[in-house]
Amino acid sequence: MLRAIHRFRFWAGLLAVVGALPAMVGHEAARAAATSNSDWPSYGRDHAEQRFSPDRQIGTGNVKQLGVAWSYNMRTGRGVEATPLVVNGVMYVTSAWSIVYALDAKTGKELWVFDPKVDHAVGAKSCCDAVNRGVAFADGRVFDAALDGRLIAIDAQTGRSLWQTQTVDASQPYVVTGAPCVAKGLVLIGNSGSDLGVRGYLSAYHANTGKLAWRFYAVPGNPALGPDHAASDNVMAMAAKTWHGKWWTQGGGGAVWDSITYDPELDRVYFGVGNGAPWNAQIRSPGGGDNLFIASIVAVDRKTGHYIWHYQETPGETWDSESTESIVQAKLRIRGKIHRVLMHAPKNGFFYVIDRDSGKLLSAQNIVPMAKTADTPKGKPISWAYGIDMKTGRPLENIEARFLNGASAVVHPVGPGAHCWQPMAYSVQTGLVYIPVQDFSGLFATNPHYKPQPPYARASGLKVAGAIPDNQELRESLPKRMAARLVAWDPVAQKEVWRVPMGFAGNGGVLTTAGNLVFESESTGNFEAFDALTGAKLWSFDAQATAQGGPISYQIDGVQYIAIAIGNGGSSWLAGGLGVPHQKNVPVGRVVVFRLNGNAPYRRINTALLPVPLPPVIAGSTPELVAHGAKVFNTYCAGCHGFGAISGDVTPDLRRSGFIQDADAFASVVTEGALLQNGMPRFGAAISNPDVESIRIFLASEAHYLYDLQNGKTATSAAHPKDYKGGVTGGQ
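In this section: the confidence of the model for the protein. Here the protein shows a mean pLDDT of 88. Residues at 70 or above account for 88%. Here residues 1-35 scores under 50 on pLDDT; set against residues more than four positions off or in separate chains, the count is 74 contacts. Here residues 717-732 is a poorly scored stretch, pLDDT under 50, and it has 68 contacts once near neighbours within four places are set aside; other chains count.

Here it is, written out as structure tokens:
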């Protein structure tokens, strides 16, 4: 229930710092943050998205004295990916299902809660959990982008809705998971859905009314339908020349699902574009082509949305190597000249420095090891590219990685990539960029029987991985292949300065401060502080869950606070259950705030898993049915319940589910949608009754393996491959 118990003047705190100024809105608020230590008013603190705080009260000499100032339990625990905002002493933060919380940033007292009441059935359209990465703030309004596609303006004082508008076609598999961006009176928002087959775009709405100002489509549509009457019309013919076949029948992809950055100096908007649909370029665009503007950064005019320039990082992308990761603005001296630049570390493994005036590539270097195929040891993953041609700006590709003509290839970096959406940070003090790096590999092979699927099946065009081997030693070793690290990167010299191993993949975003500190959260749940110059670990706190959206810093009454929003979920935890620390998943979303000498209690949660009940013995089960069930499961179910049925425990672990005990009960969930309101899709139109039963047979086999392991027996199951090269996960 909404409560309105707090009244405040919007910019009173900033006026006290910068003097008597007129009321500031949108971009002015974010720019003021650059000179004020008190607030964190936008997603990356200011429009440069640097995530650098000038706060220096907490530094290398006293960070060990950090303790909990307060904590707050959200109404839902799954998939917390938000970066909190703090404006004039009030924190605005979101949890799963796009619920917005207003909290007293000094005490944690709840001021109001706004629940947009998203129909949980919409969760079936979300490839990567019912997540939300945060809100935007301008002129006394909080802007919430709900999972179901609504953009909602909320009165910051009362928590009441002022207006709302639907930004997507609700009949299509669109959802919205990213944070909006306010740019001088316009609210910018994109959408997700490339993995299920949509046509992506960026929209701008008037902040006062919610009326659409302009829209830019990231990929061309059906040419037979004519122009879109959108801001992108003047470049769609150019883009269409880079596509072949009938790409529009599956949407084309190109969802703008995360990074949207405003440049007040040039009055431009920069945004990153996602993968194509389907993933496999051989099916998406037979005959090749760059497929503009997928896997690109695009610059448009803020007022009109008209195209200015683009830089495509992965032409003809075919590995889910998106460019939606955080875009950071800065001014760098390169070869003796000051450039206004964009710095970008997308999934594809390269760090790019781009002139933001012209869109020209200034430099690029790989942040994970990448080499020519000829120089890669036999049996090791192939790099999709081994460098960037600085004359053309195009990648130097290893053609073998494109798995052409029926070939297969184990390729890296893919899936969560070398750097996924978790934001990086740039310190104007050290001149270094701090990147949450990871290096995943995945098996790619064209599915010769591929055809467009009904809703909720990934539009990959790839062969589906089968069961994971029943060798426990091998299973325990697989997460080590997905290790992550925190890297300090010199963007001018284009080289690594230091690194810190971070265990499992799926680490959180990064904060850096003038106190010479870098903060990041591990997937283990440990929240840590490092020396920004050396990488030495200085402090750690076991929060029991990950702050994926990244920490923030703010001040109230002269006291510096560090805040995180935690709650395990998202693609790494849903699909990659094998690679997450199972004893660390807690059924709670929290805001945790720290200060020097904080001594508030922190309630810990018992994370022990329940024992596996005795699984059923299903009549008619054969090794062939188990193997077939594994493939059907990985096609439709693994994205939420874990590849190989190894859950990350955010959604139910189906090996422990009572539904697998009974065929009718299981079918009522899978086929008839008995749990639709929990976000479990109805698959009756997509999966045949025999295939539903084969899934149950596979799950029972995996449950027997787990049951035997739990009870000290030799763990075996009906049918598993002897060699496993892994599947592929996404990250929207």
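Moving on, there is more to tell.
Core analysis: the largest hydrophobic core is formed by 68 residues, its most contacted members being Met91, Tyr92, Phe519 and Tyr554. The element that contributes the greatest number of residues to this core is strand β39 (residues 559-566), accounting for seven residues. With near-sequence residues (within four places) excluded, Met91 lies in contact with Trp70, Pro84, Leu85, Val86, Tyr101, Ala102, Leu103, Ala105, Tyr554, Ala563, Val591 and Val593. Listed in part, the 46 residues of the second largest apolar core include Tyr352, Ile388, Val433 and Phe444.

With respect to topology, four strands assemble into an open sheet ordered β2-β40-β39-β38, the strand pairing being antiparallel. The outermost strands of the open sheet, each flanked by one partner alone, are β2 (66-73) and β38 (552-556). Between one strand and the next, the sheet's axes are offset by a mean angle of 30°, whatever the strand orientation. For β2 and strand β40 (residues 590-596), the ladder comprises seven bridges, and the chain directions are antiparallel. Bridge pairing in β40 links Tyr72 to Val591.

Let us look at the state of the cysteines. Throughout this description, disulfide means a covalent bond between two cysteine sulfur atoms. For the structure on display, the rule yields one disulfide. Sulfur-sulfur distance for the disulfide between Cys127 and Cys128 comes to 2.2 Å. As the torsion about the S-S bond is roughly -90°, the Cys127-Cys128 disulfide counts as left-handed. Cys128 shares its class with Cys127; the two are buried. Lacking any disulfide linkage, Cys420 is separated from the closest cysteine sulfur, that of Cys128, by 8.2 Å. There is no disulfide at Cys640, and the cysteine sulfur nearest it, in Cys128, is 8.3 Å away. On the basis of relative accessibility, which here comes to 27%, the residue Cys640 falls in the partly exposed class.

Taken as a whole and judged by the stated rule, the model has 24 salt bridges. Of the charged contacts, one joins Arg150 and Asp148 as a salt bridge, the two residues approaching to 2.9 Å between their closest N and O atoms. Both residues of the pair, Arg150 and Asp148, belong to the buried class. Measuring nitrogen to oxygen at the nearest pair gives 2.7 Å for the salt bridge that ties Glu496 to Arg499. Residue classification places Arg499 among the partly exposed positions, given a relative accessible area of 44%. Where salt bridges share partners, they join Asp263, Glu265, Lys331, Arg340, Arg356 and Asp357 into one cluster.

Looking now at helix α10 (residues 689-710). Taking 1.5 Å as the rise per residue, α10 with 22 residues should run 32 Å; its terminal C-alpha atoms sit 31 Å apart, in good agreement. After α10 finishes, the residue Gly712 shows a positive phi value of roughly 75°.

What follows deals with the sheet that holds strand β28 (residues 408-412). As summarised here, the arrangement of the three strands in space is β25-β28-β31, forming an open sheet in which the pairing is mixed. The outermost strands of the open sheet, each flanked by one partner alone, are β25 (382-383) and β31 (442-445). Examined bridge by bridge, β25 and β28 share two bridges and lie parallel to one another. Within the sheet, the bridge partner assigned to Ile382 lies in β28 and is Val411.

Let's shift gears to the environment of Ser553. Among the secondary structure elements, Ser553 is positioned in strand β38. Taking the C-alpha atoms as reference points, Ser553 and Ser53, 500 residues apart in sequence, are found 6.4 Å from one another. Those residues in contact with Ser553 that lie beyond four places of it in its chain are Asp39, Trp40, Ser53, Asp55, Leu511, Gln560, Tyr561 and Ile562. Here the side chain of Ser553 touches Ser53 through a polar contact of 3.4 Å, side chain to side chain. Polar contacts involving the side chain of Ser553 include one to the side chain of Gln560, which spans 3.0 Å.

Let's shift gears to the pairing of strand β37 (residues 537-542). Summarising the sheet, strand β36 (residues 526-531) and β37 pair through five bridges and their orientation is antiparallel. When the bridges of β37 are listed, Ala529 appears paired with Trp539. If you look at the hairpin formed by β36 and β37, you'll find five residues sitting between the two strands, and Gly535 has a positive phi there, around 85°.

So, on to the side chain of Thr512. Mapped onto the secondary structure, Thr512 falls in strand β34 (residues 510-513). Within the structure, Thr512 has its side chain in polar contact with the backbone oxygen of Leu517 (distance 3.0 Å). In contact with Thr512, other than residues within four places in its own chain, are Arg51, Phe52, Ser53, Ala425, Tyr426, Ser427, Tyr434, Leu517 and Val518.

To continue, consider the pairing of β40. For β40, the buried fraction is high: six of the seven residues fall into the buried class. Alignment of β39 against β40, held across five bridges, turns out to be antiparallel. Across the sheet, Ile562 pairs through a bridge with Phe594, a residue of β40.

Before going further, it helps to examine unusual backbone geometry. Cis rather than trans, the peptide bond between Ala277 and Pro278 has omega equal to -5°. On the secondary structure map, Pro278 appears in the loop between β18 (276-277) and α4 (281-284). A cis geometry characterises the amide bond from Leu292 onward to Phe293, with omega recorded as 5°. Among the secondary structure elements, Phe293 is positioned in the loop between α4 and β19 (296-301). Located in the positive-phi region is Asp139, a residue other than glycine, with phi close to 50°.

Moving on, we get to the packing of aromatic side chains. Inspection of every chain in the model, using the stated rule, returns 29 aromatic pairs. Plain terms: the ring middles of Tyr636 and Phe683 are 5.7 Å apart, the flat faces sit at 75° to each other, and that makes the pair edge-to-face. Taken together, the residues span a long stretch of sequence, with Tyr636 in helix α7 (residues 623-636) and Phe683 in the loop between α9 (663-670) and α10 at a distance of 47 residues. Phe683 shares its class with Tyr636; the two are buried. An aromatic cluster of at least three residues, connected via ring pairs, comprises Phe519, Phe527, Trp539, Phe541, Phe594 and Tyr602. Directly above the aromatic system of Trp421 lies the positively charged group of Arg133, at a separation of 4.6 Å from the ring centroid. Over the ring of Tyr217 we find Arg199; its NZ or CZ atom is 4.0 Å from the centre of that ring.

Here we take up the environment of Glu110. Tracing the backbone through its elements, the reader meets Glu110 in strand β6 (residues 110-114). Taking the relative accessible area as the measure of exposure, Glu110 reaches 17% and is therefore buried. Distance from Glu110 to Val90, taken between C-alpha atoms, is 9.9 Å for residues 20 residues apart in sequence.

Cut-off values and rules
- Residues numbered from 1 in each chain as written.
- Predicted model: local features only at pLDDT ≥ 70, side-chain atom pairs only at ≥ 80, totals over all residues.
- Heavy atoms only, no water.
- pLDDT = per-residue confidence, 0-100.
- Contact = heavy atoms within 4.5 Å.
- Core = buried A, V, L, I, M, F, W, Y, C linked by side-chain atoms within 4.5 Å.
- Buried < 20%, exposed > 50% of the residue type's maximum accessible area, 1.4 Å probe, protein only.
- Helix = DSSP H or I, 4+ residues; strand = E, 2+ residues; numbered from the N terminus.
- Pairing = 2+ DSSP bridges.
- Axes fitted to C-alpha atoms, helices over the stretch in contact; angles between N-to-C directions.
- Disulfide = S-S within 2.5 Å.
- Salt bridge = Lys/Arg side-chain N within 4 Å of Asp/Glu carboxyl O.
- Expected span 1.5 Å × (residues − 1).
- Polar contact = N/O pair within 3.5 Å; in protein donor to acceptor, adjacent residues only side chain to side chain.
- Phe/Tyr/Trp six-rings, centres within 6.5 Å; stacked < 30°, edge-to-face > 60°.
- Lys NZ or Arg CZ within 6 Å of the ring centre and 35° of its normal.

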